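# Chain and residue survey
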Amino acid sequence: MDSLVKVHGSGGYDSDFSDDDGQGETSDRGLKRKHEEEILQKPFQKDRHSQKAHRSFHSNELDREEARNRRAHLISLNAFERHKKFVGDYILYYGGQMADFKRSVATDKTDLDVLRENHRFLWRDEDEEDMTWEKDLAKKYYDKLFKEYCIADLSRYKENKFGFRWRTENEVVSGKGQFECGNKRCEKQEGLKSWEVNFAYVEHGEKKNALVKLRLCPECSFKLNYHHKRKEVKAKTKKVSDENQEPLQKMKKKRKRSSSHSRKHKRKRHRNPSGSSSSSEELKDSDKDSEAEDEPGGQSDGDHWRGPAPAVEEKSREEEFDDYFEDMFL
């Protein structure tokens, strides 16, 4: 038996009719068939014999699903809720308190704070150099104020301390400070007087002066002049020039003479009603005298040729408006 095994090599099952070339052909056919199946297999088609997935593949799929859900949740939140969620997650992961995330409001400034810091009672050309946005804001507010009359704060008049500011548009429309007392705590409209005050103040560490006008009632005027008298502004009477004053005086004299002549004739008529002829002659004489007096400057016909008549200036429309508003703006 041992000799048989040695002859046949691998046991007693070998056959003399077996052919090694036939086994090679079957292996080539198998590879070809497998290659064709791979070509014909679709991407979404599963394998015929599915194998158990690896643990890493399973964890990766779970992470993808979780990230997809988290993304959808964050998209549904608004900006503030998203910020709160991130802050909460940060505190849970790194530790800490919500107070550490509160922003300090000590340095916050509103528009009113910016105006108070950069406001000026009077803007000069020097102040408009090196302008910042804060100064631009203060300058725009200053340009909207009306600087004819001031509004005064007389609450500390016994200490000789006063506060003045310019009027706003609403105060100009309502008449506050011009047709109503300029004290901010007074609303009287009778007996107003105009005052000129040399306002001395300190602005940005620099002493300045400004001459301002304001209108006050008698009680507030007493408070303003409690320590010393201020200058009162009164309406100025226009002085007529000498050239225009002479023709006016002559016109007044003519009117007086004509009125006196008419009175004399009336008295004579009452006294002598019968003397009609004499009265008619006297009337003619008086008419001639009045005509002679009515001539410009009391001149005769020959005096007209001696020189030009005195010129009377006519006021323009602007001057008439100035005269009308003169008493209003003292």
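As the structure is a computational prediction, the values presented were derived from the model and not from experiment.

Of all hydrophobic cores here, the largest spans 27 residues; its most connected members are F121, F164, W166, C181, V212, L216 and C220. Those elements that provide at least two residues to this core are α6 (133-143), β1 (146-153), β2 (163-167), β3 (193-203), β4 (206-216) and α8 (218-224).

When you line up the elements, L112 lands in helix α5 (residues 111-118). Of the residues examined, L112 reaches a relative accessible area of 47% and is grouped as partly exposed. Separated by 26 residues in sequence, L112 and A138 have C-alpha atoms that sit 9.6 Å apart.

In this section: the side chain of E180. Along the chain, E180 falls in the loop between α7 (169-174) and β3. Under the relative-accessibility criterion, E180 is labelled buried at 14%. For E180, the contacting residues outside a window of four places in its chain are G175, C186, E187, K188, Q189, L192 and R215.

This brings us to the confidence of the model for the protein. Model confidence for the protein is summarised by a mean pLDDT of 76, while 64% of its residues fall at 70 or above. The model gives residues 4-10 a pLDDT under 50, and that stretch makes 2 contacts with residues more than four places away or in other chains. Contacts of residues 273-280 to residues separated by more than four positions or lying in other chains number 0 contacts, the stretch itself having pLDDT below 50.

What counts and how
- Every chain's residues receive numbers from 1 upward, in the order its sequence appears when written.
- Side-chain atom pairs in this predicted model are given and counted only at pLDDT of 80 or more, local residue features only at pLDDT of at least 70, and totals for whole chains, interfaces and linings cover all residues.
- For the side-chain quantities, the full set of heavy atoms in the structure was used; hydrogens and water were omitted.
- Among buried residues, the Ala, Val, Leu, Ile, Met, Phe, Trp, Tyr and Cys ones that are joined through side-chain atoms within 4.5 Å form a nonpolar core.
- Relative accessibility under 20% of the residue-type maximum defines a buried residue, over 50% an exposed one, and the middle range a partly exposed one, all with a 1.4 Å probe and only protein chains included.
- Where helices and strands are cited, they refer to DSSP runs of H or I of at least four residues and of E of at least two residues respectively, numbered from the N terminus.
- Only heavy atoms enter the contact rule, under which two residues are in contact if any of them lie within 4.5 Å.
- Along the chain, pLDDT gives the predictor's confidence residue by residue, from 0 to 100.

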